[in-house]
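Notes for the structure review
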Amino acid sequence: MLKGVEFMFPFNFFPFNKDMKNKLQHMKSDEIDQFIKGILGNVMSSQSGSAMNPQDFVNHFRPQPSQQVNSQNSTAFETHDSVFVRIPIKDESLLKDLRIYHTANQLTVENIPELDQKHSITLPAAVKRKGSSAKFKDGILEIKLIKSHDIHYSQIDVTEI
């Protein structure tokens, strides 16, 4: 049973009667999911005149995982003061040709796993130009970048055309 369902669903704002409220409070989460999909299916098909799949509608609003394609299986994360990028490297001899560059929001790694290959990694926060470091240990290249808390805003004037 879901005891916190009432906090998640403000039933007093929906046109349900008390019996419906009690029934929903005692449903399991998958039963509630099926109930809502059924309602959406009925509403969608009656308003659009065609059968729309309610699962497609529900999936449209679910959070999607990051679409960043990363052949290096790197991970990028931030702490309060830093941004870390970790890249697994199986062959330590590749480090001699490795080149790492970065802008305020992107890291570029060259010559891994082969010469003339380039990989870009979007950083989760803006970083400073100076103060970065990289270490290799136990098959992991860890790059530490200092977060930039100094975000510059520029005002854009709107002119009438």
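Summarised in this report is the structure supplied together with it. The shown structure was predicted, so the numbers you read here are calculated from the model rather than taken from an experiment.

For the protein chain, the helix and strand inventory stands at four helices and seven strands. N-terminal to C-terminal, the α/β element order of the protein chain is α-α-α-α-β-β-β-β-β-β-β. The buried share of the protein chain, taken over its 161 residues, is 23%. Within the protein chain, contacts between residues at least 6 apart in sequence are counted, and of these 41% link residues at least 24 apart. When the accessible surface of the protein chain is summed, it comes to about 12700 Å², and 54% of that surface belongs to carbon and sulfur atoms.

Assignment of secondary structure puts Leu145 in strand E7 (residues 140-146). Leu145 has contacts with Asp81, Ser82, Val83, Val85, His102, Leu123, Val127 and Ser132, leaving out every residue within four places of it along the chain.

Inspection of every chain in the model, using the stated rule, returns four salt bridges. Among the ionic pairs, Lys147 bridges to Glu78, the shortest N-O distance being 2.6 Å. Placement of Lys147 in the segment after E7 and of Glu78 in strand E1 (residues 75-78) is noted, with a sequence separation of 69 residues between them. Across the salt bridge formed by Glu142 and Arg86, the nearest N and O atoms sit 2.6 Å from each other. With a gap of 56 residues between them, Glu142 in strand E7 and Arg86 in strand E2 (residues 82-88) connect regions that are remote in the sequence. Residue Arg86 is classed as partly exposed on the basis of its relative accessible area, which comes to 35%.

Bringing the nonpolar core into the picture now. Across soluble globular proteins, nonpolar side chains show a tendency to be buried alongside one another. Of all hydrophobic cores here, the largest spans 15 residues; its most connected members are Val85, Ile87, Leu107, Leu123, Ile143 and Leu145. Secondary structure elements with two or more residues in this core: E2, strand E4 (106-110) and E7. Not counting residues within four places of it along the chain, the set of residues in contact with Leu123 comprises Val83, Val85, Thr103, Ala104, Asn105, Gln106, Leu107 and Leu145.

Taken as a whole and assessed by the stated rule, the structure comprises one aromatic pair. Between Phe77 and Phe84, the aromatic rings sit 5.5 Å apart at their centres with planes inclined by 20°, giving stacked as the arrangement. Residue Phe77 is classed as partly exposed on the basis of its relative accessible area, which comes to 31%. A residue is classified by how much of its surface remains accessible, and Phe84, at 15% relative accessible area, is buried.

Here we come to the sheet that holds strand E6 (residues 133-137). Taken together, four strands build an open sheet; the order of strands is E1-E2-E7-E6 and the sheet is antiparallel. Strands at the two margins of the open sheet, each flanked by one partner only, are E1 and E6. On average, each strand axis in the sheet is tilted by 20° relative to the strand beside it, whichever way the strands run. In the sheet, E1 pairs with E2 via four bridges, with the strands oriented antiparallel. Bridge assignment links Thr75 to a residue of E2, and that residue is Arg86.

Along the chain, Ile112 connects to Pro113 via a cis peptide bond; the corresponding omega equals -5°. Among the secondary structure elements, Pro113 is positioned in the loop between E4 and strand E5 (118-122). The phi dihedral of Asn111 falls on the positive side, at around 70°, and the residue is not glycine. Within the secondary structure, Asn111 sits in the loop between E4 and E5. With a phi close to 65°, Asp116 is a non-glycine residue in the positive phi region.

What counts, and at which threshold
Residues numbered from 1 in each chain as written. Predicted model: local features only at pLDDT ≥ 70, side-chain atom pairs only at ≥ 80, totals over all residues. Heavy atoms only, no water. Helix = DSSP H or I, 4+ residues; strand = E, 2+ residues; numbered from the N terminus. Buried < 20%, exposed > 50% of the residue type's maximum accessible area, 1.4 Å probe, protein only. Contact = heavy atoms within 4.5 Å. Areas by Shrake-Rupley, 256 points an atom, 1.4 Å probe, with all protein chains shown as cover. Salt bridge = Lys/Arg side-chain N within 4 Å of Asp/Glu carboxyl O. Core = buried A, V, L, I, M, F, W, Y, C linked by side-chain atoms within 4.5 Å. Phe/Tyr/Trp six-rings, centres within 6.5 Å; stacked < 30°, edge-to-face > 60°. Pairing = 2+ DSSP bridges. Axes fitted to C-alpha atoms, helices over the stretch in contact; angles between N-to-C directions.

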